[in-house]
Amino acid sequence: MDQTVKRPEDQFLPALADALKEWFPDVGPRASAVSEISISKENIPTLPLILVAFIKSESEQARESYSEEFRMTDTFTVELWMPPNRIKRPDNSETPFWSYYPYEEIRDIMISNTTRWIGPGGKRASFRSLTIEADQFAVVMSFIFTTTFRWCASYNESGDPFSIGFNLCTPKACIPDPDCFGEEALDPCHPCP
C-alpha cells in the first residue's frame, strides 16, 4: 500500500468504534470497525459485541463535467449484538419469544452521543433508522447513520505543466468596430488599427 493510507485513529469508523467503547462500557473493548457483518454457526462471536461497518457512498458530483470537489455521503451501520435469551414460563421452560431489551434507552444513548461526537476531519454522524432482529445466534440492534462531507481530490504535484495548445483570443470577426468604442483596443490579441 502507498504511504497515503490513513492511520486507524484518523479514519472515521475506527474512531467511532473507539467512542462506542466509552458510551457502552458494559460492552467496552468488544467494539470494532469491520468490513462485513455476518454470522453463522461457524463464526459465533462472544456476546455482547458492537460492530461498525461501511455500507455505501453517494455523491453530488456533476454528471456531465469534471469536478475535483463535491459533497459525499457515506452510509454505515452500528450493530449491537446481545445474547439471545428466550422468555421463560413460570415452570422455567422456554417460550418461542425472545427476551426484551430496553431498546429505547440504548437508542437514546446512541443518538445522544453520536449527535455530539465529532470524528476525524470534522465529520459528524446523522441517525437514519433502527431495526431489531433476533435469532438463535443473537439479538441485533442495527442503527443506520450517514455522514456528509466535502470530498476533495488529492493533487499530484509531480506532473509536468501542460499547455493548452490553442489561443484564447476572441475571433476577429466577433470584435465590434473600434470606431464605435473610441481608440482603445477591445482585445489584446486584436489591437485597434
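Just above sits the structure.
On a predicted model such as this, the values are computed, not experimentally measured, just so you know.

Draft legend 1. Main features of the overall build of the chain. Per the secondary structure count, the chain includes two helices and seven strands. Counted from the first residue to the last, the chain has its helices and strands arranged as α-β-β-β-β-β-α-β-β. The burial tally for the chain puts 28% of its 193 residues in the buried class. Expressed as a percentage of contacts within the chain between residues at least 6 apart in sequence, the contacts between residues at least 24 apart total 52%.

Draft legend 2. Spotlight on the nonpolar core. By size, the foremost hydrophobic cluster in this structure holds 26 residues, and its most contacted members are Leu-20, Phe-76, Val-78 and Leu-80. Within the residue set of this core, elements represented by two or more residues are helix H1 (12-23), strand E2 (49-59), strand E3 (69-82), helix H2 (103-116) and strand E7 (139-152). Element by element, the count of residues in this core is highest for H1, at eight residues. Dropping the residues within four chain positions of it, Leu-20 is found in contact with Ala-31, Ile-50, Val-52, Val-78 and Met-110. The next biggest cluster of nonpolar side chains, apart from the first, holds six residues, and it includes Leu-47, Leu-49, Trp-81 and Ala-138.

Draft legend 3. Local environment of the sheet that holds strand E6 (residues 126-134). Read from one edge of the open sheet, five strands run E1-E2-E3-E7-E6, paired in mixed fashion. Every interior strand has two partners, whereas the edge strands, strand E1 (31-34) and E6, have only one. Within this sheet the neighbouring strands show an average axis-to-axis angle of 25 degrees, counted without direction. Pairing of E6 with E7 involves eight bridges; the strand directions are antiparallel. Note that in E7 the partner of Phe-127 across the bridge is Phe-145. Across the sheet, H2 touches E3, E6 and E7, and the angle it forms with E7 is around 15 degrees.

Draft legend 4. Up close: the environment of Phe-24. Of note, Phe-24 is situated in the loop between H1 and E1. On a C-alpha basis, the gap between Phe-24 and Ile-109 in space is 8.4 Å, while along the polypeptide they are 85 residues apart. Excluding anything up to four places from it in sequence, Phe-24 contacts Ile-50, Leu-80, Ile-106, Ile-109 and Met-110.

Here is what the cut-offs are and how they apply
- Residues numbered from 1 in each chain as written.
- Predicted model: local features only at pLDDT ≥ 70, side-chain atom pairs only at ≥ 80, totals over all residues.
- Heavy atoms only, no water.
- Helix = DSSP H or I, 4+ residues; strand = E, 2+ residues; numbered from the N terminus.
- Buried < 20%, exposed > 50% of the residue type's maximum accessible area, 1.4 Å probe, protein only.
- Contact = heavy atoms within 4.5 Å.
- Core = buried A, V, L, I, M, F, W, Y, C linked by side-chain atoms within 4.5 Å.
- Pairing = 2+ DSSP bridges.
- Axes fitted to C-alpha atoms, helices over the stretch in contact; angles between N-to-C directions.

No statement about biological role is implied by the geometric values presented.
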